[in-house]
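Summary of structural features
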Protein chains: 4
Amino acid sequence: MFRGVIPPLCTPLTDDGEVDTASLERLCGFLLDAGVHGLFVCGSTGEVSQLTDQARATAVRTVVGTAAGQVPVLAGAIDTATERVLAHARAAQALGADAVVATAPFYVGVTAPEVRAHYRRLAAALDVPLVAYDIPANVGRKLPVEVLAELAHDAAIGAVKDSSGDLESFQRLLDATRGTGVDCLTGSENLADLALLRGAHGVVPGLGNVDPHGYLRLHRAARAGDWAAARDEQRRLVRLFAITTVADPARVGPISAALGAFKTALVLRGVIDRPHTLPPLLPLTGAETERIAAHLATAGLLPDARAQAEAETPS
Amino acid sequence: MFRGVIPPLCTPLTDDGEVDTASLERLCGFLLDAGVHGLFVCGSTGEVSQLTDQARATAVRTVVGTAAGQVPVLAGAIDTATERVLAHARAAQALGADAVVATAPFYVGVTAPEVRAHYRRLAAALDVPLVAYDIPANVGRKLPVEVLAELAHDAAIGAVKDSSGDLESFQRLLDATRGTGVDCLTGSENLADLALLRGAHGVVPGLGNVDPHGYLRLHRAARAGDWAAARDEQRRLVRLFAITTVADPARVGPISAALGAFKTALVLRGVIDRPHTLPPLLPLTGAETERIAAHLATAGLLPDARAQAEAETPS
Amino acid sequence: MFRGVIPPLCTPLTDDGEVDTASLERLCGFLLDAGVHGLFVCGSTGEVSQLTDQARATAVRTVVGTAAGQVPVLAGAIDTATERVLAHARAAQALGADAVVATAPFYVGVTAPEVRAHYRRLAAALDVPLVAYDIPANVGRKLPVEVLAELAHDAAIGAVKDSSGDLESFQRLLDATRGTGVDCLTGSENLADLALLRGAHGVVPGLGNVDPHGYLRLHRAARAGDWAAARDEQRRLVRLFAITTVADPARVGPISAALGAFKTALVLRGVIDRPHTLPPLLPLTGAETERIAAHLATAGLLPDARAQAEAETPS
Amino acid sequence: MFRGVIPPLCTPLTDDGEVDTASLERLCGFLLDAGVHGLFVCGSTGEVSQLTDQARATAVRTVVGTAAGQVPVLAGAIDTATERVLAHARAAQALGADAVVATAPFYVGVTAPEVRAHYRRLAAALDVPLVAYDIPANVGRKLPVEVLAELAHDAAIGAVKDSSGDLESFQRLLDATRGTGVDCLTGSENLADLALLRGAHGVVPGLGNVDPHGYLRLHRAARAGDWAAARDEQRRLVRLFAITTVADPARVGPISAALGAFKTALVLRGVIDRPHTLPPLLPLTGAETERIAAHLATAGLLPDARAQAEAETPS
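Now for a description of the structure that goes with this document. On a predicted model such as this, the values are computed, not experimentally measured, just so you know. (Residues numbered from 1 in each chain as written. Chains lettered and ligands numbered in written order. Predicted model: local features only at pLDDT ≥ 70, side-chain atom pairs only at ≥ 80, totals over all residues. Heavy atoms only, no water.)

**Thoughts on the interface of chain D and chain C**
Contacts between the two partners involve 43 residues from chain D, matched on the other side by 43 residues from chain C. A buried area of about 3,300 Å², summed over both sides, lies between chain D and chain C, and 60% of it is on carbon and sulfur atoms. When the area that chain D buries against chain C is broken down by residue, the three leading residues are D:Arg84, D:Tyr107 and D:Pro280, summing to 26%. Its salt-bridge partner being C:Asp79, residue D:Arg84 comes within 3.4 Å of it at the nearest N-O pair. Joining chain D to chain C, the criterion identifies 20 residue pairs in polar contact (both at pLDDT 80 or more). (Contact = heavy atoms within 4.5 Å. Buried area = accessible area lost by both parts, 1.4 Å probe. Salt bridge = Lys/Arg side-chain N within 4 Å of Asp/Glu carboxyl O. Polar contact = N/O pair within 3.5 Å; in protein donor to acceptor, adjacent residues only side chain to side chain.)

Structure follows, in structure tokens:
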């Protein structure tokens, strides 16, 4: 279920900060047309930590409805501790999500036995598969490979999504879960080819919202064992990923910069209507939007007329 | 409003993991009888990050009802980002809380301008005073003194609760907010006398659940300028704080150890019914409970009969 | 031996980057005249990590000669690992230092047993007392209180210098070493009164180079139990400590800023000849020097004529 | 000059803790016979931070003499700040090293401008090429890609050795230095094939002391574009790298564990005489040595007779 290219969806918003379901449907359609193998809603890229419970439900409902069984829908259940995560997970399950993605507890620090107890409680209470989400930059600690291996051998988890950027530990994870049927996904935009060379079963790149075709080409090359081709496609995507660093770091943090860039690019590509993000994330400026447009033009990702115009704009 | 000894309440639980309102009422009564100056519900010590929305509401309702206007009730509105915090804050306000306590956003990293935008949005939407809660161990970053000073001068916040343990920055905060009417509270159990010598307006010690009388004596000595007496009381409380380190750190984290110890001590003192905490926190063992009882006996905090029994138990 | 006010000496330099022994002698004389209880040469404030072995020897020789037995001379033996530290320590001992100050190993991470082995090897090889130097900002880890307590009980160390800024652990250290005869010193400039209220035996403030009289007044007030007076003197010194933050943090790091400020202030006060520091530290600008002069003028620490002139300078 | 497989040499020691030059010569011979492209003496793997100045000189002299111009010799000049680094660098240069390897300053924190000044001063004072050594685990900060790119474009450095394990930043480094002639080497034992796929010019693996033939096979496969073969060889080396984790982490740190394992393996392979390391590193136990032997036997790296014996030993 957890194989191939599974973009973590941006959550388009209206001017009032509500989920823009029409834009979200178009985004899903855009990705499905490109051929993605799954959709991940309410992940970090989906601003899950900024969305109210109601907005999360709207997003899951919309994506499940648009996917309509063509590909699996993974839903993030992101919150500080077990019962709160479980409330989100049950809601997503009831709305038709095919799997639930949960991090370790955060806000209060926990030991490995406490992480284990957390996932075991979640697994016992859910009917759909559980994906352990390793994102130390957000959670403040890394999921121990030993705990993940134990959970995998006991079939308490169905997959791991590794957004740590640490390929050494990813390799240890692959070795420790071999033969369990648990899939290992990487969340890295820029090391996707290398993760696949190591044996990753899937990739979950935020930039895949903007250029799903690129990640699908990369994935196909990797499946074919053509690592030089995969590397060259990755190199192109790394250049495109520069859209996430156009914003002034003194004003906005890396999350405002990255999510703002993805949404801005989706607006420029004609997929969604507005680039809004939710507080405390701050919007990008007009000049920053121009720079994103220039990167898209270079990558050949703008509609023709606009690409034309941009090509004439000095940036 | 934010002065004196304001314990961050433990949240007693039933065997089913629901809020034990009868025990919570007794805890409030115990603290009010001791003479505390305020009650802080749904703080980190109250396991706020483990409580569902329903449980949070029950806790706030119970404490507001029991306080009955005798002292101010502060309610934590702890969540990952602005709109989610606001939902909790509005609920607490509707339930009668006198002030709302909120951290910086967490899970996604934010810049100083984003922290500022977060608090400004909260302040604009609330009718009750807003307390900025600085707890870097949980949130992953420290509230910048410059941002707090600006918010204080604009009356966007009414107080700061500093649980960083960093007295140098606390001193800078006091200097930077002088004359604004903003109160500066320390969350430190063990440096309370020193924070008061620096000019803290109040103390918010988790251990104050267990020994409110000790913190009230400390506070009175400090108010009287008798720093040697305050120091000696503090020294006694530091010894009592050893109850938070009896648990095996290989099994449970410091939060399980501390909150479990507070609740166990409250059970042993006859204030609440059960020592339960919520997942992923793990319970203390019988041997650990014995060691807590021994510390309480040494501190003279056990009822006579039990103290008698404990004194005969080798520990 | 390790009690009272013991400034960590700046190391004045010539235009060629050599130790300016004449200025160093004048600095020692200035501090001895003020009444300090000891001198600490080749500490972090003395740029020990920038000094060649030859320069370190020159500095120790000069300070030992100038102290001439009036007060104890502590010499830093700062290097990455045991045998290298020992080489510096033996050199300092041979030059007449009364005690040697050493950190945990750095560059390679070490466990508590490895830290213990390090100090035991140093203690066994030296004739003068060993001071354990806890400076996690520079070394990357904190000295464990348990290891220090064990070393103290075995008389392997004579004192601990705590530059961690963490008063909670300092308190645990004081408790854990009580009765061993080991002295506990704080390296904090801004929390010196609080450390003394906790029971510190001495203070080692870099700012003591610039205003030794202030720290001596603070220490006398603390000895007399007049904590309000100590606090007020501390408050004055905190304001003076602002000289360490006048430099542009985008250009120079906090060490360039602080050590440059101390030396600049000593030049302005007429104690040493030049404000130079060694690479990679970068010099302060003229505008930054002006701001330091203004702070000194405010504090009444400039010679009269110069104070006069500065008072007329807009800053 | 900086291309291919360049092992960072272990420094064999006598029972007195002196450099065992006979063993070091044999180690060099073993590696040269295997076909390595360079030798790196006095790196972190060489315990440089534990070696006295005299020992460092002995090590450099021995390696230069044994290499006898067949391959380039890189010498680490590792110390806290610029002038101290320069003293080591000049000594190495005088002893015939072909290049000098230096980290950013450590012990005191530095800004990017201070790092730049450090390397510029070193480059200006040296005749041999300078290699910037990025090892954040030891130095406490990462070398900024912008600074390295600037130094590369100005020919102030000849190569970068990246031991950060961060392939994303390594990729940015490769992009930012393209066309400058500066070589980019990875210090990773376990991601060497991936670094080469990204474009690394060379690999500097500590495990290359133990199994140089494995890294040479990996490098040849990578040069031939056979990434599956490179990956399979890497997988074998990852399994062998398990020798670095046999030691009890409660007793010894990861450096004692890794360097002790390399030396123990070299003794077991008959290359050097003793497994000793220098304080504060602690020795491995007999049981740990047995486990290392078992790993070597599995990898087919023991002499026949011994392999035979080991195969019969339960481990």
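**As for the environment of C:Gly165**
Position of C:Gly165 relative to the elements: it lies in the loop between strand E6 (159-162) and helix H7 (167-177). Through-space distance from the C-alpha of C:Gly165 to that of C:Thr66 is 31 Å; in sequence the pair is 99 residues apart. (Helix = DSSP H or I, 4+ residues; strand = E, 2+ residues; numbered from the N terminus.)

**Observations regarding the packing of aromatic side chains**
Counted according to the given criterion, the structure contains ten aromatic pairs over all chains. Ring plane angle 75° and centroid distance 6.0 Å describe the contact between A:Phe40 and A:Tyr133, whose orientation is recorded as edge-to-face. With a gap of 93 residues between them, A:Phe40 in strand E2 (residues 39-41) and A:Tyr133 in strand E5 (residues 130-134) connect regions that are remote in the sequence. For A:Tyr133, a relative accessible area of 3% gives the class buried. Their ring planes at 35° and their centres at 5.1 Å tell us that A:Tyr107 and B:Phe106 sit as a pair that is tilted. Pair noted here: A:Tyr107 is in the loop between strand E4 (99-103) and helix H4 (112-125) and B:Phe106 is in the loop between strand E4 (99-103) and helix H4 (112-125), and the two residues belong to different chains. With respect to burial, A:Tyr107 and B:Phe106 carry one shared label: buried. Counting every residue linked through ring pairs, the aromatic cluster contains A:Phe106, A:Tyr107, B:Phe106 and B:Tyr107. (Phe/Tyr/Trp six-rings, centres within 6.5 Å; stacked < 30°, edge-to-face > 60°. Buried < 20%, exposed > 50% of the residue type's maximum accessible area, 1.4 Å probe, protein only.)

**Regarding the relation of the copies chain D and chain C**
Relative to chain C, chain D is turned by 180° and slid 0.0 Å along the rotation axis, the superposed coordinates differing by an RMSD of 0.0 Å. Overall, the copies show the geometry of a two-fold rotation axis. Measuring from the rotation axis to each C-alpha of chain D, the shortest distance belongs to D:Gly140, at 3.6 Å. With an isologous cut-off of 70% or more, the 100% of interface residues of chain D that recur at the interface of chain C puts this contact in the isologous class. (Least-squares fit on C-alpha atoms with pLDDT ≥ 70 in both.)

**A closer look at the sheet that holds strand E8 (residues 202-203) of chain B**
Residues and elements named next belong to chain B. On the basis of which strands lie adjacent, the open sheet formed by eight strands has the order E1-E8-E7-E6-E5-E4-E3-E2 and parallel pairing. Bordering the open sheet on either side are strand E1 (4-5) and strand E2 (39-41), each of which pairs with just one other strand. Here two bridges tie E1 to E8, and the two strands are oriented parallel to one another. Bridge pairing links Val5 to Val203 in E8. Here helix H7 (residues 167-177) sits on the sheet and contacts strand E6 (159-162) and strand E7 (183-186); the angle it forms with E7, its principal contact strand, is near 165°. (Pairing = 2+ DSSP bridges. Axes fitted to C-alpha atoms, helices over the stretch in contact; angles between N-to-C directions.)

**Overview of the interface of chain B and chain C**
The interface is formed by 15 residues belonging to chain B together with 15 residues belonging to chain C. Interface area, chain B with chain C, both sides summed: about 1,600 Å², of which 53% is carbon and sulfur. Viewed at the interface, chain C and chain B are joined by two salt bridges. One salt bridge connects B:Arg198 with C:Asp193, and the closest N-O pair in it is separated by 2.6 Å. Our count for the chain B to chain C interface comes out at eight residue pairs in polar contact (both at pLDDT 80 or more). By residue number, the principal contributor to the side of chain B that touches chain C is helix H10 (residues 227-240) of chain B, which donates five residues.

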